[in-house]
Amino acid sequence: DGRVTIYKRNGTTWDFVQNIIGAAATYEKLGLSISMRGDYLLIGAPWANNYQGVAYLYKSNGSSFTLLTTLSDRSMTNFGESVFMGVNKLYIGIPNKDYGTVYAYTKSGEWSNSLAPVKIAQTNNESLGFGATLNGNDDYIFIGAPESFANGVKGGAVYMYSTSDANLSTVPFASSPLGHFGSSI
């Protein structure tokens, strides 16, 4: 289940807009991760569809939000554990897929579920949990890997990618010997 409650600022108060409620028949962890940009709201539900996970993209019409599209990948586990919405890209984290994966969807016209994602993945156990957290700005996407190893020590890492690069190649990252670095960005 799960719920995302939306409020809108009105002067000095916050007015209720609506609730987006997960499927009552399943425990999908709706709202575990959310990201908003302009009129768009991206919501992760990593336990939907028997733990395969989905991400829901909503659009505001000014007074309420309506579902625009549902993104998923049936071959994944916990798709939507983390989400981030850039200017023209959506990022979906799947930290339990192999050593961790992030899908980057680029907007072409209107957002739809037919977009082909670019897969950003790590290929060794030094990056365990890659994609557990996401954040960014118009120039970079930051990807947390809180279970990663650096020089044989489990401490965590944050990877940085340039959003202007079509292949999303990595820029040098930060790591720490302290536990769970990158758990929150």
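Above this text you will find the structure in question.
A few points on the structure. Given the structure is predicted, the values throughout are model-derived calculations rather than measurements.

Notes on the environment of Thr133
Right, on to step 1. Checked against the element boundaries, Thr133 lands in strand β11 (residues 133-136).
Right, on to step 2. Spatially, the C-alpha atoms of Thr133 and Val83 are 7.7 Å apart, while their sequence positions differ by 50 residues.
Right, on to step 3. Setting aside residues no more than four positions away along its own chain, Thr133 makes contact with Ser82, Phe142, Ile143, Gly144, Gly182, Ser183, Ser184 and Ile185.

With respect to the sheet that holds strand β9 (residues 101-106)
In any sheet, the strands associate via hydrogen bonds between backbone groups, in a parallel or an antiparallel arrangement.
Right, on to step 1. Pairing is antiparallel across the open sheet formed by 4 strands, whose spatial order is β7-β8-β9-β10. Looking along the sheet, the strands with just one partner apiece sit at the ends: β7 (82-85) and β10 (118-121). Geometrically, the sheet is characterised by an average inter-axis angle of 20° between neighbouring strands, direction not taken into account.

Focus on the nonpolar core
Right, on to step 1. One finds Phe79, Leu90, Tyr105 and Trp111 to be the most contacted residues of the largest nonpolar core, which totals 15 residues.
Right, on to step 2. Mapped by element, the contributors of at least two residues to this core are β4 (40-45), β5 (54-60), β7, β8 (89-94) and β9.
Right, on to step 3. Of all hydrophobic cores here, the second largest spans 13 residues; its members include Ala104, Phe130, Ile141 and Ala145.

Structural notes on the packing of aromatic side chains
Right, on to step 1. Throughout the structure, instances matching the rule amount to 6 aromatic pairs.
Right, on to step 2. Measuring from ring centre to ring centre gives 5.9 Å for Tyr7 and Phe16, while their planes differ by 80°; the resulting arrangement is edge-to-face.
Right, on to step 3. An angle of 75° between the planes, with centres 6.3 Å apart, marks the rings of Tyr103 and Tyr105 as edge-to-face. Each member of the pair, Tyr103 together with Tyr105, is buried.
Right, on to step 4. Taken together, Phe79, Tyr103 and Tyr105 form an aromatic cluster joined through their ring pairs.
Right, on to step 5. The ring of Trp47 has Lys29 sitting right over it, with the charged end atom 4.2 Å from the ring centre.

Parameters and conventions
- Residues numbered from 1 in each chain as written.
- Predicted model: local features only at pLDDT ≥ 70, side-chain atom pairs only at ≥ 80, totals over all residues.
- Heavy atoms only, no water.
- Helix = DSSP H or I, 4+ residues; strand = E, 2+ residues; numbered from the N terminus.
- Contact = heavy atoms within 4.5 Å.
- Pairing = 2+ DSSP bridges.
- Axes fitted to C-alpha atoms, helices over the stretch in contact; angles between N-to-C directions.
- Core = buried A, V, L, I, M, F, W, Y, C linked by side-chain atoms within 4.5 Å.
- Buried < 20%, exposed > 50% of the residue type's maximum accessible area, 1.4 Å probe, protein only.
- Phe/Tyr/Trp six-rings, centres within 6.5 Å; stacked < 30°, edge-to-face > 60°.
- Lys NZ or Arg CZ within 6 Å of the ring centre and 35° of its normal.

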